[in-house]
Amino acid sequence: MTQDDMTLCQIKMTQDDMTLCQIKMTQDDMTLCQIKMTQDDMTLCQIKMTQDDMTLCQIKVTQDDMTLCQIKMTQDDMTLCQIKMNLIRLENAVAVITGGASGLGRATVERFIKQGAKVVLCDLPTSTGHDVAKSLGENCVFSPTDVTSESDVTAALEIAKSKFGRLDVAVSCAGVGVAIKTYNFTKKRPHALESFTHVIKTNTIGTFNVIRLAAGMMGENEPNVDGQRGVIVNTASVAAYDGQQGQAAYAASKGAIVGMTLPIARDLSDKGIRVCTIAPGLFDTPLLASLPEKVRKFLASTVPFPQRLGNPDEFAHLCQMIVENPMLNGEVIRLDGAIRMMP
Ligand SMILES: NC(=O)c1ccc[n+]([C@@H]2O[C@H](COP(=O)([O-])OP(=O)(O)OC[C@H]3O[C@@H](n4cnc5c(N)ncnc54)[C@H](O)[C@@H]3O)[C@@H](O)[C@H]2O)c1
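A short tour of the structure in this document, coming up.

Reading the values: the criteria
Residues numbered from 1 in each chain as written. Predicted model: local features only at pLDDT ≥ 70, side-chain atom pairs only at ≥ 80, totals over all residues. Helix = DSSP H or I, 4+ residues; strand = E, 2+ residues; numbered from the N terminus. Buried ≥ 20, exposed ≤ 12 C-beta atoms within 10 Å, placed from the backbone. Contact = placed C-beta atoms within 7 Å. Pairing = 2+ DSSP bridges. Axes fitted to C-alpha atoms, helices over the stretch in contact; angles between N-to-C directions. Expected span 1.5 Å × (residues − 1). Bend = angle between axes of the 7 residues up to and from the residue. Near = placed C-beta within 6 Å. Nonpolar A, V, L, I, M, F, W, Y, C, P; charged D, E, K, R; others polar. Core = buried A, V, L, I, M, F, W, Y, C linked by C-beta atoms within 7 Å. Parallel < 35°, antiparallel > 145°, perpendicular 65-115°, else oblique. Left-handed = near helix turned anticlockwise from the far one by under 90°.

Okay, the overall build of the protein next. Within the protein one finds 10 helices and 16 strands. Burial statistics for the protein: of 343 residues in total, 39% are counted as buried. For the protein, contacts bridging at least 24 residues in sequence account for 65% of all contacts bridging at least 6.

Shown next as structure tokens:
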């Protein structure tokens, strides 16, 4: 194409969200081109043709966070092509979120729904998952799930597929904790092995159960232009690094999640499935909400900055960032206001 010819192409947005648009070319020989943002405010970007004789045309994009995408011809006659994002955007993404009835999981479900995702909310049958999902409308479905059960998790994933067509994202927030010292010298009683096993089973094995089954379903996805098929986000804790007294079981369960993040990311890399883990500090979830105000204030004062408990939506926001940023992979991210827990 010559430069003049480029002015003859038309760009027509087909969706309000501007993630998909059509370019109608008047030329026969256009095959592949890229859209690259040229301004910080992301309101304007350029299309650069990859063919030598093609030069530049402009497209106006209204979304804030669009960075790089490709235009690929979808028809042999080259009269029509589509813009395909090289990110998985939350809008229209299908996610399974465990522990979604409460706290960090619930905030993540709510944010994802608000951003236009479709969510299968997984939590125990005894949880408020049904009511939470109902309050969020038809893009949210509750699946009663014990994350340690293969059949429960498989059923939840099947709901994602049958109701929403596929699975793009799996976020594990289901978790439990206990506060028991390794040995109680006053009562001459060792840490109950069942409690230790319960925490490891729910937090570590439950998380791995979700990952291994979700990865299988994500592997069936058509890859995007980056080769990406899905994103997995796990929840560890700063206790993985600074476990306190009474946290042997909890810290071990979260340390295991930290430890498996990189090898799983490596295992799934050839299918284009990314894996990241968030290690939260102190967040204002129902667990902490039940503590006396004095204790909550004290806990908040131990956070260097910002000197407060984390808002669950700040956790959900990082989940969104991980899903949308294709270079985040195999990493554990502390989200903790620089807190280092005391012994
Ligand atoms: N709140 C914090 O300050 C904090 C800090 C660090 C890490 N975390 C981690 O974040 C995650 C969420 O914590 P939260 O504070 O939101 O807790 P929460 O108790 O409010 O929510 C946890 C949810 O997990 C569900 N759950 C428990 N066992 C389950 C199972 N076997 N199968 C399915 N669902 C199950 C519960 O029903 C509950 O709805 C946990 O893994 C927790 O360890 C929380």
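What follows picks up the thread again.
Across the sheet, which stays open at both edges, the 7 strands sit in the order β10-β9-β8-β11-β14-β15-β16 with parallel pairing between neighbours. The open sheet is flanked by β10 (140–144) and β16 (331–335), the only strands paired with a single partner. Strand-to-strand twist in this sheet, taken as the mean axis angle between neighbours without regard to direction, amounts to 20 degrees. Both strand β8 (residues 94–98) and strand β11 (residues 169–172) contribute to a ladder of 4 bridges, which runs parallel. Residue pairing across strands places A95 opposite V169, the latter belonging to β11. Sitting on the sheet, helix α5 (residues 193–218) is in contact with β8, β11, β14 (230–235) and β15 (273–280), with an inclination near 175 degrees to β11. Across the face of the sheet, helix α7 (residues 248–268) comes into contact with β14, β15 and β16 while running at roughly 165 degrees to β15.

The end-to-end C-alpha distance of α5, which contains 26 residues, comes to 36 Å, matching closely the 38 Å that a straight helix rising 1.5 Å per residue would cover. A maximum bend of about 35 degrees is found in α5 at K201. Taken together, the buried positions of α5 are occupied by V199, N203, T204, G206, T207, N209, V210, I211, A214, A215, M217 and M218. Buried residues along α5 sit in contact with β8, α4 (150–164), β11, β14, α7 and β15.

On to the site of the ligand. By nearness alone, 30 residues border the ligand, and G99, G103, A174, G175 and T285 come closest of all. Elements that contribute at least two residues to the shell around the ligand include exactly α2 (103–114), α5 and α8 (286–289). Broken down by class, the residue content of the shell around the ligand amounts to 13 nonpolar, 15 polar and 2 charged.

The next point concerns the nonpolar core. Nonpolar side chains in soluble globular proteins generally cluster together in the buried interior. Core analysis: the largest hydrophobic core is formed by 68 residues, its most contacted members being A95, V96, I97, V119, L121, A170 and A214. Per element, the largest residue contribution to this core is 7 residues, and it comes from α5. What A170 contacts, discounting residues up to four positions off in sequence, is A95, V96, V210, I211, A214 and I232.

Turning our attention to the pairing of β15. Counted residue by residue, β15 has 8 buried out of 8 residues, so it is predominantly covered. Of the strand pairs in this sheet, β14 and β15 are connected by 6 bridges, and their pairing is parallel. Paired with V233 across the two strands is C276, which belongs to β15.

Of all 6 residues that make up β14, 6 are buried, and the element is covered over most of its length. The alternating pattern of β14 places G230, I232 and N234 and V231, V233 and T235 on opposite faces, both of which are buried. Pairing geometry for β11 and β14, over 3 bridges, is parallel. Following the sheet pairing, A170 is matched in β14 by I232.

Right, let's talk about the packing of α5 against α7 for a bit. Where α5 contacts α7, the axes come no closer than 9 Å and their chain directions differ by 15 degrees. Taken together, the axes of α5 and α7 are roughly parallel relative to one another. Handedness of the α5/α7 crossing: right-handed. Here α5 contributes S195, F196, V199, I200, N203, T204, T207, F208, I211 and A215 to the contact with α7, which in turn contributes A249, Y250, A252, S253, K254, A256, I257, M260, I264 and L268. When its residues are assigned to classes, the contact of α5 with α7 shows 14 nonpolar, 5 polar and 1 charged.

Let us look at unusual backbone geometry. The linkage connecting F305 with the following residue, P306, adopts the cis geometry, with an omega of -5 degrees. Not every positive phi belongs to a glycine, and N92 is a case in point at roughly 75 degrees. Along the chain, N92 turns up in the loop between β7 (80–85) and β8. A residue is classified by how many C-beta atoms lie within 10 Å of it, and N92, with 18 of them, is partly exposed. For A338, which is not a glycine, the phi torsion comes out positive at approximately 70 degrees. Mapped onto the elements of the fold, A338 is located in the segment after β16.

In short, geometric facts, not functional conclusions.
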